[in-house]
Amino acid sequence: MRLTRRNLLGAAMAATLVAASPAFAAKPLTIGFSQVGAESEWRTANTASIKDAARKAGVNLKFADAQQRQENQVKAIRSFIAQRVDVIAFSPVVESGWDTVLREAKAAKIPVILTDRAVKVSDPSLFVSFIGSDFVEEGRRAGRWLAEHQKKNPNRGYNIVELQGTVGSAPALDRKAGFLEAIAANPKLKIIRSQTGDFTRAKGKEVMEAFLKSEGKNINVLYAHNDDMAIGAIQAIEEAGLKPGKDILVVSIDGVKGAFEAMMMGKLNVTVECNPLLGPQLIQTAQAVKAGQAVPKRITVNEGVFPAEVAAKEFPNRQY
Ligand code: GYE
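Residues numbered from 1 in each chain as written. Predicted model: local features only at pLDDT ≥ 70, side-chain atom pairs only at ≥ 80, totals over all residues. Heavy atoms only, no water.

With that settled, consider the overall build of the chain. Along the backbone of the chain there are 11 helices and 12 strands. Overall size of the chain, expressed as C-alpha extent along the three principal axes, is 100 × 45 × 30 Å. Looking at the chain as a whole, 50% of its 320 residues are labelled buried. For the chain, long-range pairs separated by at least 24 residues make up 73% of all intrachain contacts whose partners lie at least 6 apart in sequence. Total accessible area on the chain is roughly 15,100 Å²; 54% of this is exposed by carbon and sulfur atoms. The averaged location of the 33 negative side-chain charges in the chain is 6 Å from the averaged location of its 43 positive side-chain charges. (Helix = DSSP H or I, 4+ residues; strand = E, 2+ residues; numbered from the N terminus. Buried < 20%, exposed > 50% of the residue type's maximum accessible area, 1.4 Å probe, protein only. Contact = heavy atoms within 4.5 Å. Areas by Shrake-Rupley, 256 points an atom, 1.4 Å probe, with all protein chains shown as cover. Lys, Arg positive; Asp, Glu negative; His and termini not counted. Charge placed at Lys NZ, Arg CZ, Asp CG, Glu CD.)

Our next topic: the site of the ligand. Around the ligand there are 13 residues in total, and E39, D116, R117, R175 and D254 lie nearest to it. At 2.6 Å, a side-chain N or O of D254 approaches an oxygen atom of the ligand. Notes on the ligand: free accessible area 300 Å², of which the protein chains cover 100%. Elements with a minimum of two residues in the shell around the ligand: α2 (41–57) and α6 (170–183). Counted by class, the shell around the ligand contains five nonpolar, two polar and six charged residues. Each of domain 1 (24–133 + 276–301) and domain 2 (135–274) gives at least three residues to the shell around the ligand. (Near = heavy atom within 4 Å. Polar contact = N/O pair within 3.5 Å; in protein donor to acceptor, adjacent residues only side chain to side chain. Nonpolar A, V, L, I, M, F, W, Y, C, P; charged D, E, K, R; others polar. Domains from an automatic or database assignment.)

Below, the discussion takes up the environment of I183. For I183, the position within the fold is in helix α6. Its relative accessible area of 4% is what places I183 among the buried residues. For I183 and W145, which are 38 residues apart along the polypeptide, the C-alpha to C-alpha distance reads 9.7 Å. Look past the residues within four positions of I183 in its chain and what remains in contact with it is G143, I160, L189 and I191.

For helix α4 (residues 99–107), the complete set of buried residues consists of D99, V101, L102 and A105. The first or second residue beyond α4 is K109, which carries a positive phi of 60 degrees.

One open sheet holds the six strands; their spatial order is β2-β1-β3-β4-β5-β11, and the pairing between them is parallel. Edge positions in the open sheet fall to β2 (60–65) and β11 (298–299), since each of these has one partner strand only. Note: strand β3 (residues 87–90) against strand β4 (residues 112–115), three bridges, orientation parallel. Looking at the pairing, I88 lines up with V112 of β4. (Pairing = 2+ DSSP bridges.)

If you walk through the whole model with that rule in mind, you get four aromatic pairs. Ring geometry for F179 versus Y223: centroids 3.8 Å apart, planes at 10 degrees, classification stacked. Placement of F179 in helix α6 and of Y223 in strand β8 (residues 221–224) is noted, with a sequence separation of 44 residues between them. Cation over ring: R318 sits above Y320, and NZ or CZ is 5.0 Å from the ring centre. (Phe/Tyr/Trp six-rings, centres within 6.5 Å; stacked < 30°, edge-to-face > 60°. Lys NZ or Arg CZ within 6 Å of the ring centre and 35° of its normal.)

As structure tokens, then:
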């Protein structure tokens with residue numbers, strides 16, 4: 001073949017096409033991700049962050065919504081194993097009951113990354129890394145805010161009602177434990193009722209209605225394990241003819257926009273931040289694991305506490 005300009009051009013074009021064709025490009029990383037559900041504003045932001053980070057990194061994300069049920073997560077993980085994904089990631093709805101399915105993933109040599117919530121397993125090698133917040137510390141921060149508030153009114157007692165998150169979930173167990181620890185030394189702070197509101201607005205409202213029916217004006221403080229339950233409960237408090245944020249102090253966790261709006265209206269007193277934007281860290285960790293690099297077993301997230309006084313100033317900076 002004579003090397004004419006036209007031939008050269010044709011060869012160059014063909015080479016470019018070959019390089020760009022999927023058969024020759026490096027195989028994209030495939031991650032199977034089992035999400036808890038869509039129970040809260042926090043979860044919506046978490047899902048968006050993960051999908052967005054995967055898209056930006058060119059990762060093939062297989063996303064499954066478990067609708068708050070462990071059995072759906074187990075099914076999703078088994079299907080990811082059958083599909084031979086590169087990495088499995090999931091946010092476990094509850095802490096216990098994962099040994100069997102995680103052993104199956106290990107036997108299939110598929111690394112598992114936990115995001116957001118922890119698991120209790122007999123063998124820590126069943127997952128490579130856990131990326132998420134320190135929920136005990138979040139509970140302590142909520143308790144400390146209340147203990148500080150109480151110091152300003154030292155003679156007053158405070159009866160607290162608690163709206164717990166999903167039964168058996170790491171954030172519900174840990175946020176309860178951290179809060180109790182922070183108020184333990186103060187006899188003026190007393191939890192009089194505690195029940196789950198499953199992290200949703202609807203349940204938060206329903207359970208608060210029941211608390212109000214049985215305890216009425218005895219209630220001085222609501223401690224909610226997330227903002228959505230607090231927002232539902234705020235409605236119940238108003239419907240009972242009381243002022244949330246004043247007649248009943250409201251303390252919650254997450255720091256979603258809805259909480260900042262409630263603070264700006266004087267209906268919520270403080271929210272402890274829990275950052276849902278875990279997508280970029282998850283994708284980076286999955287890529288590192290796939291490349292055979294060592295990753296930290298525990299990756300935490302930096303977070304703050306936002307009382308109502310700073311809500312208006314902070315609101316424009318909020319990303320979720
Ligand atoms: O606080 C709550 C969500 O696991 C940290 O789950 C997460 C919690 C979050 O439903 O709003």
